[in-house]
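One letter stands for each residue in the lines below.
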Amino acid sequence: MNINWYPGHMKKTRESIKKNLSLVDIVYELIDARIPFSSQNPVIDEILGNKPRLIILNKSDLADDEANNSWKDYFNSKGITCVLVDCIRNKGLDEVVNLTYILTEDKRKSLAKKGIKNRPVRAMIVGIPNVGKSTLINSLSGRKGAKVGNKPGVTKGNQWIRIRKDLELLDTPGILWPKFEDKEVGLNLAFTGAIKDELLDIESLAVKLIERLNRISKSYLEDRYNIAVENKTGYELLLEIGQKRGCIIRGGEVDTEKASNIVLDEFRKGIIGRITLELPSL
Ligand SMILES: Nc1nc2c(ncn2[C@@H]2O[C@H](COP(=O)(O)OP(=O)(O)OP(=O)(O)O)[C@@H](O)[C@H]2O)c(=O)[nH]1
Ligand SMILES: [Mg+2]
């Protein structure tokens with residue numbers, strides 16, 4: 001699915017994250033609030049071991065409010081602290097900082113016992129491509145230093161960034177590989193843009209997204225594109241959306257590629273609505 005992740009690369013990534021783990025007191029595990037299950041690395045529990053962890057449900061502005069709370073409850077019920085964040089509008093960041101102090105209390109106490117004072121709490125971010133790692137670094141640090149892009153695979157190049165007087169963040173996030181095995185997961189990653197479009201057929205992807213959105217609620221597409229969705233296939237709806245948006249090529253045919261890009265782009269930007277694609281099974 002994602003050609004960049006071959007076994008050798010995965011092994012190297014795991015080793016480099018484990019090395020960085022030894023430098024920090026807490027890990028921020030970033031996942032996408034629209035697809036919390038699909039955007040988690042498959043072996044994250046094993047990689048993180050018993051390092052204090054804070055799950056950050058990022059892009060919560062694009063996800064359904066009620067679903068956001070269900071996911072928060074779900075992770076809490078598993079004993080994992082979880083916080084809803086919107087990195088674009090800087091929402092939830094104070095909570096991240098406060099929870100960091102709470103989750104690292106034991107570590108800070110044990111350092112104090114050893115007479116080590118004024119040693120800042122250190123954190124690092126891990127997450128799959130495009131989940132918002134660089135944006136979170138920028139938001140937390142209040143500067144525009146870390147490179148941010150809207151395509152997967154932007155972050156390359158280790159420094160500590162001071163977040164508070166006594167809290168530091170590793171400049172380089174750990175980029176984790178996504179789940180590959182499950183077809184549904186693959187689709188969720190593609191819908192949200194975590195996988196590069198060029199690797200997929202855009203038209204089938206848009207048709208599948210249309211069908212998925214209708215399964216969640218008919219009103220999403222009906223309201224956005226002013227169409228009736230009942231008893232129509234995903235492809236028929238794509239054609240209708242194309243017509244409504246004037247995506248017409250020579251001969252009056254619908255430019256399905258253009259229409260597909262509109263649907264995918266509007267979904268990814270949250271224009272169709274705040275939509276969560278998967279719910280926890282409590
Ligand atoms: N709506 C919304 N968009 C976000 C949020 N956080 C990040 N983004 C957007 O998501 C896209 C990817 O963000 P990055 O910070 O580049 O993601 P990354 O995890 O660093 O990606 P890689 O470096 O490719 O691994 C960008 O277009 C960001 O603007 C958020 O909380 N809400
Ligand atoms: Mg990045």
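Residues numbered from 1 in each chain as written. Chains lettered and ligands numbered in written order. Predicted model: local features only at pLDDT ≥ 70, side-chain atom pairs only at ≥ 80, totals over all residues.

S.K.: Report on the confidence of the model for the protein, specifying residues and quantitative values.
M.R.: Note that predicted coordinates carrying low pLDDT should not be read in detail. Summary statistics for the protein give a mean pLDDT of 91 and a share of 92% for residues scoring 70 or more. A low-confidence stretch, residues 153-157 stays under pLDDT 50, and its non-local contacts, those more than four residues away or across chains, total 11 contacts. (pLDDT = per-residue confidence, 0-100. Contact = placed C-beta atoms within 7 Å.)

S.K.: Account for the packing of helix α8 (residues 202-216) against helix α10 (residues 234-244), naming residues and giving values.
M.R.: Here α8 crosses α10 at 100°, and the two axes come no closer than 8 Å. In terms of their interaxial angle, α8 and α10 are classed as roughly perpendicular. Each of Ala206, Val207, Lys208, Ile210 and Glu211 in α8 lies in contact with α10, whose residues at this interface are Gly234, Tyr235, Leu237 and Leu238. (Axes fitted to C-alpha atoms, helices over the stretch in contact; angles between N-to-C directions. Helix = DSSP H or I, 4+ residues; strand = E, 2+ residues; numbered from the N terminus. Parallel < 35°, antiparallel > 145°, perpendicular 65-115°, else oblique.)

S.K.: Explain the packing of α8 against helix α11 (residues 256-268) to me, and be specific about the residues and the numbers.
M.R.: One way to put it is that α8 packs onto α11 with a least axis distance of 9 Å and a crossing angle of 50°. Our classification of the angle between α8 and α11 gives oblique. Of the two elements, α8 crosses α11, and the hand of that crossing is left-handed. Seen from α8, the contacting residues are Ile202, Glu203, Leu205, Ala206, Leu209 and Ile210; seen from α11, they are Thr256, Glu257, Ser260, Asn261, Val263, Leu264 and Phe267. By residue class, the composition of the contact of α8 with α11 is eight nonpolar, three polar and two charged. (Left-handed = near helix turned anticlockwise from the far one by under 90°. Nonpolar A, V, L, I, M, F, W, Y, C, P; charged D, E, K, R; others polar.)

S.K.: Go over the nonpolar core with me, naming the residues and quoting the values.
M.R.: Counting residues in each nonpolar core, the largest one holds 64 residues, and the members touching the most others are Leu30, Ile56, Leu57, Leu209, Ile210 and Val263. Residue assignment places this core across two domains, with domain 1 (7-175) and domain 2 (201-268) each supplying three or more. When neighbours within four sequence positions are excluded, Ile56 is seen to be in contact with Tyr28, Glu29, Leu30, Val83, Val85 and Val96. (Core = buried A, V, L, I, M, F, W, Y, C linked by C-beta atoms within 7 Å. Buried ≥ 20, exposed ≤ 12 C-beta atoms within 10 Å, placed from the backbone. Domains from an automatic or database assignment.)

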